[in-house]
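Working through the structure, step by step
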Amino acid sequence: MSGYGPFDGFTIAAMALAVILSALVSLIGTSARKRTISLGEARAEDLAEMTGILDPKHLLAEFGPPDMGRVWRTVTLFDVRRARQPQGWLMSSDLVDYGCAATAILALFVSHPLMHGALLFALCVQVGGWVVATRLPK
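Residues numbered from 1 in each chain as written. Predicted model: local features only at pLDDT ≥ 70, side-chain atom pairs only at ≥ 80, totals over all residues. Heavy atoms only, no water.

Time to look at the overall build of the protein chain. Regarding its fold elements, the protein chain presents seven helices and zero strands. Ordered by position from N to C terminus, the α and β elements of the protein chain give α-α-α-α-α-α-α. Taking the principal axes of the C-alpha coordinates as reference, the protein chain spans close to 60 × 25 × 20 Å. Residues classed as buried in the protein chain amount to 40% of the 138 residues present. (Helix = DSSP H or I, 4+ residues; strand = E, 2+ residues; numbered from the N terminus. Buried < 20%, exposed > 50% of the residue type's maximum accessible area, 1.4 Å probe, protein only.)

See below:
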């Protein structure tokens, strides 16, 4: 590369590293949320992140009321997958995170303008997931 322009070597490497780290952190968080749900200890935060349902009233409508400890013990991963919204795909989809990480790794080795566009798209997907995650109920 020439070192000039918006996509020089350093920029590509920095974007790829950011996407890989973001996807890795998202995968770790998603794994923890899946484990919590499969153990029958799902909280509102877990369900909101996994489904993308940001309004607590809609969570109650979808999954019913929690027990006295504010935990949904009867919700399964299948129920969560069935109720998933587009925001849930951005925040907690393994496929999306693996695809973004694979795109970033491939962009380090393939120098093509379409690959740069794919890397930029993967970066936007990861940033979009983090932006949506800021609106999760506490």
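Moving on: the nonpolar core. Membership of the largest hydrophobic core comes to 16 residues, with the highest contact counts inside it found for I37, L47, L59, F63, W72, V75 and V80. For this core, the secondary-structure elements that each account for two or more residues are α2 (44–51) and α3 (56–63). Here the element with the most residues in this core is α2; it accounts for three residues. Setting aside residues up to four positions removed in sequence, V80 forms contacts with I37, L47, M50, T51, F63 and V75. With 11 residues, the next largest nonpolar core counts I12, V19, A107 and M115 among its residues. (Core = buried A, V, L, I, M, F, W, Y, C linked by side-chain atoms within 4.5 Å. Contact = heavy atoms within 4.5 Å.)

For side chains of opposite charge, pairing can occur when their charged atoms come near one another. Throughout the structure, instances matching the rule amount to seven salt bridges. Put simply, D46 and R43 hold a salt bridge, and the shortest N to O gap is 3.8 Å. A residue is classified by how much of its surface remains accessible, and D46, at 2% relative accessible area, is buried. The residue D79 makes a salt bridge to R82 at a minimum N-O spacing of 3.0 Å. Pair noted here: D79 and R82 are both in helix α4 (residues 77–82), with a separation of three residues, about one helical turn. (Salt bridge = Lys/Arg side-chain N within 4 Å of Asp/Glu carboxyl O.)

On to the environment of A32. Turning to its location among the elements, A32 is positioned in helix α1 (residues 9–38). In the structure, A32 is positioned 14 residues away from D46 in sequence and 9.1 Å away in space, judged by C-alpha atoms.

With that settled, the discussion passes to the packing of helix α6 (residues 94–109) against helix α7 (residues 113–133). Viewed as axis vectors pointing N to C, α6 and α7 meet at an angle of 145°, and their least axial separation amounts to 9 Å. When the axes of α6 and α7 are compared, the crossing they make is left-handed. Every residue of α7 that contacts α6 at V96, D97, C100, T103, A104, L106 and A107 is listed here: M115, A118, L119, A122, V125 and Q126. When the residues that make up the contact of α6 with α7 are grouped by side-chain class, the tally is 10 nonpolar, two polar and one charged. (Axes fitted to C-alpha atoms, helices over the stretch in contact; angles between N-to-C directions. Left-handed = near helix turned anticlockwise from the far one by under 90°. Nonpolar A, V, L, I, M, F, W, Y, C, P; charged D, E, K, R; others polar.)

In the contact formed by α1 and α2, the axes pass within 10 Å of each other and the chain directions differ by 125°. With respect to their mutual orientation, α1 and α2 come out oblique. Judged by the twist between their axes, the crossing of α1 over α2 is left-handed. For the pair formed by α1 and α2, the contact residues are T30, R33, K34, T36 and I37 on the first element and E45, D46, L47, E49 and M50 on the second. Its residues assigned to classes, the contact of α1 with α2 shows three nonpolar, two polar and five charged. (Parallel < 35°, antiparallel > 145°, perpendicular 65-115°, else oblique.)

What follows is about the packing of aromatic side chains. All chains considered together, the criterion is met by zero aromatic pairs. The side chain of R84 reaches across the aromatic face of W89, ending 4.9 Å from its centre. (Phe/Tyr/Trp six-rings, centres within 6.5 Å; stacked < 30°, edge-to-face > 60°. Lys NZ or Arg CZ within 6 Å of the ring centre and 35° of its normal.)

What follows covers the side chain of S92. Within the secondary structure, S92 sits in helix α5 (residues 86–92). Other than its neighbours up to four places away in sequence, S92 contacts T30, E49, M50 and R84.

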